[in-house]
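A structural walkthrough
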Amino acid sequence: MASRRPSPYPYWFVLPAAVVFVALFLVPTVASFWFSLTRWDLFDAEFIGWDNYRQFFKEPFLVQGLTNTLIYAVVTSGAKTVLGLLLAVLLTSGIWMQGFLRSVVFFPVLVSTIGVGITFAALMHPTRGVINLGLESIGIDGPAWLSDPALALYSVALIDIWKGVGLATLIYIAGLAAIAPEYYEASRIDGATRWQQFWRVTVPLVRPATVTVVTLSLIGGLRSFDIIWATTRGGPGFASDVLASVIYKQYQAGFYGLATAGNVILFLLIAIIILPLTYWFNKREVDL
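Residues numbered from 1 in each chain as written. Predicted model: local features only at pLDDT ≥ 70, side-chain atom pairs only at ≥ 80, totals over all residues. Heavy atoms only, no water.

1. What about the layout of surface pockets?
Quick note on the threshold: Note on definitions: the grid is 1 Å and covers protein atoms alone; a cavity is a set of points where a 1.4 Å probe fits but cannot get out; a pocket is an open set with protein on both sides within 12 Å along at least five of seven lines; lining residues have an atom within 4 Å of a point. Grid points are joined across faces, edges and corners, and a volume is the space filled by probe spheres set on the points. Counting from the N terminus, the helices are the DSSP runs of H or I reaching at least four residues and the strands are the DSSP runs of E reaching at least two. Each residue receives one of three labels: charged for Asp, Glu, Lys and Arg, nonpolar for Ala, Val, Leu, Ile, Met, Phe, Trp, Tyr, Cys and Pro, and polar for the others, Gly being one of them.
Approximately 520 Å³ is the volume attributed to the largest pocket. Every residue lining the largest pocket is counted, 17 residues in all, and those nearest its centre are Val89, Thr92, Tyr184, Arg194 and Gln197. For the lining of the largest pocket, the elements supplying multiple residues, two or more each, are α7 (152-177), α8 (181-189) and α9 (194-205). Counting residues per element, the lining of the largest pocket draws most heavily on α9, which supplies four residues. Among the residues forming the lining of the largest pocket, the class breakdown is 10 nonpolar, four polar and three charged. Taken as a whole, the second largest pocket holds about 420 Å³ of empty space. Lining of the second largest pocket is provided by 19 residues; of these, Lys80, Asp160, Gly164, Leu216 and Gly220 occupy positions nearest its centre. Looking at the lining of the second largest pocket, the elements that each hand over two or more residues are α7, α10 (207-222) and α11 (226-231). Of all the elements, α7 adds the most residues to the lining of the second largest pocket, at six residues. Of the residues in the lining of the second largest pocket, the class split is eight nonpolar, six polar and five charged.

2. Details of helix α1 (residues 11-36)
The following threshold applies: Given a helix with a known number of residues, its expected span is that number minus one, times 1.5 Å. What we call the bend at a residue is the angle made by axes fitted to the seven residues finishing there and the seven residues starting there.
Taking 1.5 Å of rise per residue, the 26 residues of α1 would be expected to cover 38 Å, and the 35 Å separating its terminal C-alpha atoms lies within 8% of that figure. Val22 marks the point of greatest bend in α1, at about 40 degrees.

3. As for the packing of aromatic side chains
To be explicit about the condition: Ring geometry is summarised as follows: Phe, Tyr and Trp rings, the Trp one being its six-membered ring, pair when their centres sit within 6.5 Å, and such pairs are stacked at plane angles under 30 degrees, edge-to-face over 60 and tilted between the two.
In the structure shown here, the tally under the stated rule is 17 aromatic pairs. Ring pairs connect the aromatic residues Phe35, Trp40, Tyr251 and Tyr256, which therefore count as one cluster.

4. Here we look at the confidence of the model for the chain
Note the following rule: pLDDT is a per-residue confidence score from the predictor, ranging from 0 to 100.
Of the residues in the chain, 95% have a pLDDT of 70 or more, and the chain-wide mean is 89. Confidence, read as mean pLDDT per element, is least for helix α13 (residues 256-287) in the chain (84) and greatest for α7 (94).

5. Concerning a nonpolar patch on the surface
Using the following cut-off: Note that patches include only residues with greater than 30% relative accessible area and no salt bridge, and the join distances are 9 Å for like charges and 5 Å for nonpolar side chains (Val, Leu, Ile, Met, Phe, Trp, Tyr). All accessible-area figures derive from a Shrake-Rupley calculation using a 1.4 Å probe, and residue coverage is judged against the displayed protein chains alone. Whenever Lys or Arg places a side-chain nitrogen within 4 Å of a carboxyl oxygen from Asp or Glu, that contact is recorded as a salt bridge.
The grouping of Phe21, Val22, Phe25, Leu26, Val27, Val30, Phe267, Leu268 and Ile272 at the surface amounts to a nonpolar patch, some 810 Å² of accessible area in total. For the nonpolar patch, the secondary-structure elements that each account for two or more residues are α1 and α13. The biggest single contributor to the nonpolar patch is α1, with six residues.

6. With respect to the nonpolar core
Quick note on the threshold: In these notes, a set of buried Ala, Val, Leu, Ile, Met, Phe, Trp, Tyr and Cys residues joined through side-chain atoms within 4.5 Å is what counts as a nonpolar core. Only protein chains enter the accessibility calculation, which uses a 1.4 Å probe; a residue is then buried when its area is under 20% of its type maximum, exposed when over 50%, and partly exposed in between. Contact criterion: two residues are considered in contact whenever any of their non-hydrogen atoms come within 4.5 Å of each other.
Core analysis: the biggest nonpolar cluster contains 23 residues, and Tyr53, Phe56 and Leu243 have the highest contact counts within it. Listed by contribution, the elements that provide at least two residues to this core are α2 (51-58), α3 (60-91), α10, α12 (243-253) and α13. A total of 10 residues in this core trace back to one element, the largest contributor, which is α13. Not counting chain neighbours up to four residues away, the residues in contact with Leu243 comprise Phe56, Gly65, Leu66, Thr69, Leu266 and Leu269. If you look at the next biggest cluster of nonpolar residues, it comprises 16 residues, including Leu91, Ala168, Tyr172 and Tyr184.

7. So, the packing of α7 against α10
Relative placement of two packed helices is described by the angle separating their axes and the distance separating the axes. Threshold: Between N-to-C directions, angles cover 0 to 180 degrees, with each direction set by a line fitted to C-alpha atoms, over the stretch in contact for helices. Should an angle lie under 35 degrees it is considered roughly parallel, over 145 roughly antiparallel, and from 65 to 115 roughly perpendicular; all remaining angles are considered oblique. If you view the pair so one helix is near and one far, a crossing is left-handed when the near helix is turned anticlockwise from the far one by less than a right angle, and right-handed when it is turned clockwise.
Where α7 contacts α10, the two axes come as close as 9 Å, and the packing angle between them is 165 degrees. In terms of orientation, α7 lies roughly antiparallel with respect to α10. In terms of crossing hand, the pair formed by α7 and α10 is right-handed. Touching Ala168, Ile171, Tyr172 and Gly175 of α7 are Ala209, Thr210, Thr212, Val213 and Leu216, all from α10. Residue classes in the contact of α7 with α10 are distributed as six nonpolar, three polar and no charged.

The following block contains the structure:
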């Protein structure tokens, strides 16, 4: 009996997604890499090789933006992961007004990031801000949250954590809901304390949620721009500049090739961090 030739029919279902992927991701990615090797404007492009990349790593403020990006991503993702898990455990423990408190924790996620940035820029004003006025009323001199070079980056990170921890909490609540009650019953029979239940049962079994939270938070932290621009615009000086804000400033100044090289570096930075981390998480999950 002659074998039937495979029908090309199923591939037609893949074609629309493939066209969208090529048009909106692959072509712009290749074009960005090409333009990062040129000195270009809206009308002309001159090939200059790796000069934009050499200049990027020679400029102190550009390197500082890269360092700040890594610090910002680690601080925000770490805090969202820890706080998200703790809040999820609290909000699934049957406390009073549990549903209302879940809404309160998740509400900042729904608010405009620019709106949050502008609001906190006013709240954190060193002399007229509500936060420092409240601290002053109890005899504490509040710091210059957004205008002190040593504090600006971490102050913006706190705002980002406040806004984004609700999503991490929601993901962890879903992860906790998937844990069978029998695990906790067995641990109680064995005499486990609440801390032991949390560390030996909850933490290992919410690993898939942890992978999701860490991955999303890291990507968000590495490419963060809007909340930083709305609060400090990268200032004071370059103290809170991250790669995305540095790239934006280079575009504003007309250094399009240098800015495009920064975009490529940001893309590679995210890939270099996220891909091995995801592989490691998945490998650990299989090993378990």
